[in-house]
Amino acid sequence: MINSNPLFLKALKREQLSTPPIWYMRQAGRYMPEYRKIRSKFKNFLDMCKDPEVCCELALQPIEAFSLDAAILFSDILTIPDALGLKVKFVEKEGPIFENPIKSVDDVNNLIPFDPEKLSYVYKAVTNIKNALPSYIPLIGFCGSPWTLAAYSIEGRSSKSFDKTIKFIMNNMDGAHLLLSRLTDACFLYLRKQVQAGADVIQIFDSWANILDNKQLNNLSLNYIKSLIIALKQDPVTSKTPIILFAREPSCDSKTLIETSADCISLYWSMNDFDIDIARGKTALQGNLDPKILLESEEVIKNEAYKILDRFKDFPGYIFNLGHGLTPDINPEKVKYLTEIVREF
Ligand code: CP3
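Presented here is a report on the structure given in the accompanying data block.

Definitions and limits used
Residues numbered from 1 in each chain as written. Predicted model: local features only at pLDDT ≥ 70, side-chain atom pairs only at ≥ 80, totals over all residues. Heavy atoms only, no water. Helix = DSSP H or I, 4+ residues; strand = E, 2+ residues; numbered from the N terminus. Buried < 20%, exposed > 50% of the residue type's maximum accessible area, 1.4 Å probe, protein only. Contact = heavy atoms within 4.5 Å. Areas by Shrake-Rupley, 256 points an atom, 1.4 Å probe, with all protein chains shown as cover. Lys, Arg positive; Asp, Glu negative; His and termini not counted. Charge placed at Lys NZ, Arg CZ, Asp CG, Glu CD. Axes fitted to C-alpha atoms, helices over the stretch in contact; angles between N-to-C directions. Parallel < 35°, antiparallel > 145°, perpendicular 65-115°, else oblique. Left-handed = near helix turned anticlockwise from the far one by under 90°. Nonpolar A, V, L, I, M, F, W, Y, C, P; charged D, E, K, R; others polar. 1 Å grid on protein atoms, 1.4 Å probe; cavity = no way out; pocket = protein on both sides within 12 Å on 5 of 7 lines; lining within 4 Å. Points joined across faces, edges and corners; volume = space filled by probe spheres on them. Disulfide = S-S within 2.5 Å. Near = heavy atom within 4 Å. Polar contact = N/O pair within 3.5 Å; in protein donor to acceptor, adjacent residues only side chain to side chain. Sits in = over half its atoms within 2 Å of the grid points. Salt bridge = Lys/Arg side-chain N within 4 Å of Asp/Glu carboxyl O. Core = buried A, V, L, I, M, F, W, Y, C linked by side-chain atoms within 4.5 Å. Arc of directions from axis to C-beta.

**Focus on the overall build of the protein chain**
Here's step 1: Scanning the protein chain from N- to C-terminus turns up 15 helices and nine strands.
Here's step 2: For the protein chain, the C-alpha atoms occupy an extent of roughly 55 × 45 × 40 Å along the three principal directions.
Here's step 3: Out of the 345 residues belonging to the protein chain, those deemed buried represent 57%.
Here's step 4: For the protein chain, contacts bridging at least 24 residues in sequence account for 74% of all contacts bridging at least 6.
Here's step 5: Carbon together with sulfur atoms contributes 50% to the accessible area of the protein chain, which is approximately 14,900 Å² in total.
Here's step 6: One finds the centroid of the 41 positive side-chain charges in the protein chain at a distance of 2 Å from the centroid of its 43 negative side-chain charges.

**Focus on the packing of helix H10 (residues 173–197) against helix H11 (residues 214–234)**
Here's step 1: For the pair H10 and H11, interaxial distance at closest approach is 10 Å and the crossing angle is 30°. Between H10 and H11, the interaxial angle falls into the category roughly parallel. Between H10 and H11 the crossing geometry is right-handed. Note on element contacts: H11 touches H10 through Asn 219, Leu 220, Tyr 224, Ser 227, Leu 228, Ala 231 and Leu 232, opposite Met 173, His 177, Leu 180, Ser 181, Thr 184, Cys 187, Phe 188 and Leu 191.
Here's step 2: For the contact of H10 with H11, a count of residues per class yields 10 nonpolar, five polar and no charged.

**Looking at the layout of surface pockets**
Here's step 1: Roughly 1,500 Å³ of volume is contained in the largest pocket.
Here's step 2: Mapped by element, the contributors of at least two residues to the lining of the largest pocket are helix H2 (33–39), strand E2 (88–91) and strand E3 (95–98).

**Thoughts on the state of the cysteines**
Here's step 1: Tallied over the full model, the rule gives zero disulfides.
Here's step 2: We note that Cys 143 lacks a disulfide partner, and the nearest cysteine sulfur, in Cys 187, lies 3.9 Å from it.

**Points about the site of the ligand**
Here's step 1: Contacts to the ligand come from 22 residues, most closely from Ala 28, Tyr 35, Asp 76, Ser 207 and His 324.
Here's step 2: Backbone polar atom of Ala 28 to an oxygen atom of the ligand: 2.8 Å apart, as the coordinates give it.
Here's step 3: At 2.6 Å from an oxygen atom of the ligand is found a side-chain nitrogen or oxygen belonging to Tyr 35.
Here's step 4: Relative to its unbound accessible area of 890 Å², the ligand is 86% covered by the protein chains.
Here's step 5: Applying the majority rule of atoms within 2 Å of the grid points places the ligand in the largest pocket.

**Focus on the pattern of salt bridges**
Here's step 1: In the structure shown here, the tally under the stated rule is 15 salt bridges.
Here's step 2: Where Glu 259 meets Lys 255, a salt bridge forms, and the shortest distance between an N and an O atom there is 3.4 Å.
Here's step 3: Asp 277 serves as the salt-bridge partner of Arg 311, at 3.5 Å between the closest nitrogen and oxygen. With Arg 311 in helix H14 (residues 298–312) and Asp 277 in helix H13 (residues 273–279), the pair connects residues that are 34 residues apart, well separated along the chain.
Here's step 4: Overlapping salt bridges, with partners in common, bring together Asp 273, Asp 277 and Arg 311 in one network.

**Focus on the nonpolar core**
Inside soluble globular proteins, nonpolar side chains tend to come together where they are buried.
Here's step 1: In this structure, Phe 8, Phe 74, Ile 80, Phe 320 and Leu 338 are the most contacted members of the largest nonpolar core, which totals 133 residues.
Here's step 2: Examining the composition of this core, we find that 11 residues originate from one element, H10, more than from any other.
Here's step 3: In this structure, Leu 338 is in contact with Tyr 24, Leu 289, Leu 294, Ile 301, Ala 305, Phe 320 and Leu 322, ignoring residues within four places of it in sequence.

**Some points on helix H9 (residues 163–171)**
Here's step 1: Looking at H9, one finds that the buried residues are Thr 165, Phe 168 and Ile 169. Projection of H9 onto a plane perpendicular to its axis shows the buried side chains occupying an angular sector of 95°, all on one side. For H9, the exposed residues lying more than 90 degrees away from the buried face are Asp 163, Lys 164, Lys 167, Met 170 and Asn 171.
Here's step 2: Those residues of H9 that are buried lie in contact with helix H6 (105–109), helix H8 (146–155), H10 and H11.

As structure tokens, this is what we get:
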């Protein structure tokens, strides 16, 4: 049966629902044996992302395994820096490595213009996934926040503290802003193409929001996210597409996140009760189980999940999710169990 108004889209419109829609950040990935089987055929992870048929299969795996309420595009946030000529590859046990990271303001000035057509493999994956999904399951497209993309582009790899990046910003504030505005424009064109290809919802991942203090966060990250959201809301192609903002452990209150005009805020597990209450009814909310709970017994999982469901039961527009992504050490049986008990609540 065609359901023209899926639970997930209702929640994003802040409807009060008796059961929350459920999906998980990083729901497709290494914790699933089905994923690992396909992954083993590719040396470089990004080569796998460049195959739209494989991406379609991977995006559907968690939907088939757990009957979730939303699918997410299978791809990566580092497709944009790769298209800008920074040459990204993924090395086992090290994560992403950039062959041409940004080292100077000259490097920013000399960046090639972003050509959204270079990422046509992503839009093709979106269309394939959309065609393969039942019509009642919405598809989430995504990008990294301009700040998170800038941090990887300067650091050239993953890092705990991004020291090189922080030093670059301190010494080249104008260059950093130029890079951030270039990335904001690229994110806009990229997301617009994903929506044209069939994405129903957009999520912006500010995965490295946590390394900025409050002032830097506003100046270097949230300002650019705001511009990106304004541009999307003003464009006829994307104006009706709900936008979810995930910021990892941000050094700001929920009010500041709401001011970005995102339709939904994805809460990290450290968000305090006061801040959660402030956000009630102002935006849809998503989250925020600590993924580490999924390494515990069923009893602990049920206890912690029910605490969250109790907390959000009178919130209009609540989506069940984790505070960050599923990790490779999680047993898929626990994900299945969690999904079932949330539906039973
Ligand atoms: O279901 C899904 O969410 C899958 C789609 C997806 C991936 N990456 C696949 C992936 C999404 C939405 C992302 C986003 C992404 N990529 C983020 C933001 C999300 C977050 O968790 O904060 C970030 C920071 C990246 C960058 C990235 N991609 C890193 C740092 C790594 C290496 C991680 C590691 O532990 O090795 C990746 C690789 C990656 N992206 C994998 C997957 C399934 C694992 C790659 C592999 O199989 O080797």
